[in-house]
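# Analysis of the macromolecular model
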Amino acid sequence: MTVHFIGAGPGDPDLITVRGRDLIARCPVCLYAGSLVPKAVVAYAPEGARVRDTAGMALEEIVAEVEAAHAAGLDVARVHSGDPSLYGATAEQFAALAARGIPYEITPGVPAFAAAAARLGVELTVPEVAQTVVLSRLSGRASPMPPAETLANVAASRGTLALHLAAKQLPRIAAELTPLYGADCPVALVARATWPDEVIVRGTLADIVEKAAPYGVERTALVLVGWALGGAGDATSALYDAAHDRHLKPATE
């Protein structure tokens, strides 16, 4: 048997990959993070499958479910929101399975920052504006940040920031990033991207706290900061410049 860690995407059931959907459809056991994965995604599970919401389960309980499936030779769909490589507490699950000799594979999903950018209609890497995207978060109840990964340090590149699990700390974000980016730097708060109750608030470091306050967003949100959110302006890429010498299409004389 194999445990398939599957990225369900940001929320809209249509945004799961074909591979992820097909794996869920053939696994007789499906364990999913119900607080973040919609039931429509696990509805792909075959008739009679054991489907369990792990939102209220401890790691030991989840592993016990997998061990029982392993003993019975049953494949497991372990469904996480977004992509399993980001903020999914998957590393500890990988370690637990490896220690028990239980094989696992990973199927990537659409991450939250990509879904947020799509809903905002922006490119996060604009030529001559920002060519770096930093994925980070702030300290919270689940775990503190490593000492070297302060907000100022992760923002040092002045690239586009995608701050996960940070909605409650908008005042801190605005205060600490204003000296680095400037008060008029674009900011967006995107909560539950692609879900029916999605919330998008656009502003700047100077006014995002005030603009976001009426929405009361506290969780399941992403804060994007950076000049790329303002668009390309006068900057253009050489990629589609007629004079650019490309491998497949020579420059126009």
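Read on for a plain summary of the structure. (Residues numbered from 1 in each chain as written. Predicted model: local features only at pLDDT ≥ 70, side-chain atom pairs only at ≥ 80, totals over all residues. Heavy atoms only, no water.)

## What to know about the overall build of the protein
Rules: Helix and strand assignments follow DSSP, with helices taken as H or I runs no shorter than four residues and strands as E runs no shorter than two, numbered in order from the N terminus. Methods summary: accessible areas were calculated by the Shrake-Rupley approach with a probe of 1.4 Å, and residue burial reflects only the protein chains presented. Neither His nor the chain termini are counted; the positive set is Lys and Arg, and the negative set is Asp and Glu. Lys charges are placed at NZ, Arg charges at CZ, Asp charges at CG and Glu charges at CD.
Of the regular secondary structure elements, the protein holds 8 helices and 10 strands. The principal-axis extent of the C-alpha atoms belonging to the protein is close to 60 × 50 × 35 Å. In the structure as shown, the protein presents an accessible area of about 13,000 Å², 54% of it carried by carbon and sulfur atoms. In the protein, 20 side chains carry a positive charge and 27 a negative one; their mean positions are 5 Å apart.

## Description of the packing of helix α3 (residues 59-72) against helix α4 (residues 91-99)
The line we're drawing: Interaxial angle, 0 to 180 degrees, is taken between N-to-C directions of lines fitted to C-alpha atoms, where a helix line uses only the stretch in contact. Orientation labels follow simple angle bins: below 35 degrees gives roughly parallel, above 145 gives roughly antiparallel, 65 to 115 gives roughly perpendicular, and whatever is left gives oblique. Handedness of a crossing is defined here by the sense of rotation of the near helix relative to the far one, left-handed for an anticlockwise turn of less than a right angle and right-handed for a clockwise turn. Contacts are residue-level and defined by heavy atoms, with any inter-residue pair within 4.5 Å sufficient. All amino acids are sorted into three groups, where Ala, Val, Leu, Ile, Met, Phe, Trp, Tyr, Cys and Pro are nonpolar, Asp, Glu, Lys and Arg are charged, and the leftover types, Gly among them, are polar.
Where α3 contacts α4, the axes come no closer than 11 Å and their chain directions differ by 45 degrees. Here α3 lies oblique to α4, going by the angle between them. For the crossing formed where α3 meets α4, the hand is right-handed. Contacts between α3 and α4 involve Leu59, Ile62, Val63 and Val66 on the former and, on the latter, Glu92, Gln93, Ala96 and Leu97. The class makeup of the residues in the contact of α3 with α4 is 6 nonpolar, 1 polar and 1 charged.

## A closer look at a nonpolar patch on the surface
Our working rule: Patch construction takes residues with relative accessible area above 30% that form no salt bridge. Like charges are linked within 9 Å, and nonpolar side chains (Val, Leu, Ile, Met, Phe, Trp, Tyr) are linked within 5 Å. The term salt bridge refers to a side-chain nitrogen of Lys or Arg lying within 4 Å of a carboxyl oxygen of Asp or Glu. Burial status follows relative accessibility: with a 1.4 Å probe on protein chains alone, a residue under 20% of its type maximum counts as buried, one over 50% as exposed, and anything between as partly exposed.
A surface patch of nonpolar side chains, about 280 Å² in accessible area, is lined by Tyr87, Leu135 and Leu165. Looking at Leu135, the relative accessible area reads 31%, which means it is partly exposed.

## Some points on unusual backbone geometry
Positive phi, close to 55 degrees, is recorded for Ala89, a residue that is not glycine. Along the chain, the position of Ala89 falls in the loop between β4 (76-80) and α4.

## Examining the pairing of β4
Convention followed: Between any two strands, pairing holds if DSSP finds at least two bridges.
The buried count for β4 comes to 5 of 5 residues, which makes it a mostly enclosed element. By the alternation rule, side chains of β4 split into Val76, Arg78 and His80 and Ala77 and Val79, which are all buried. With 5 bridges connecting them, strand β1 (residues 3-7) and β4 associate as parallel partners. Across the sheet, Val3 pairs through a bridge with Val76, a residue of β4. Here 4 bridges tie strand β2 (residues 29-32) to β4, and the two strands are oriented parallel to one another. If you follow Val29 over to β4, its bridge partner there is Val76.

## Comments concerning the pairing of strand β7 (residues 160-164)
With 5 of 5 residues buried, β7 is to be regarded as a mostly interior element. Of the two faces of β7, both are covered, the one formed by Thr160, Ala162 and His164 as well as the one formed by Leu161 and Leu163. Alignment of β7 against strand β10 (residues 221-225), held across 4 bridges, turns out to be antiparallel. Residue pairing across strands places Leu163 opposite Val223, the latter belonging to β10.

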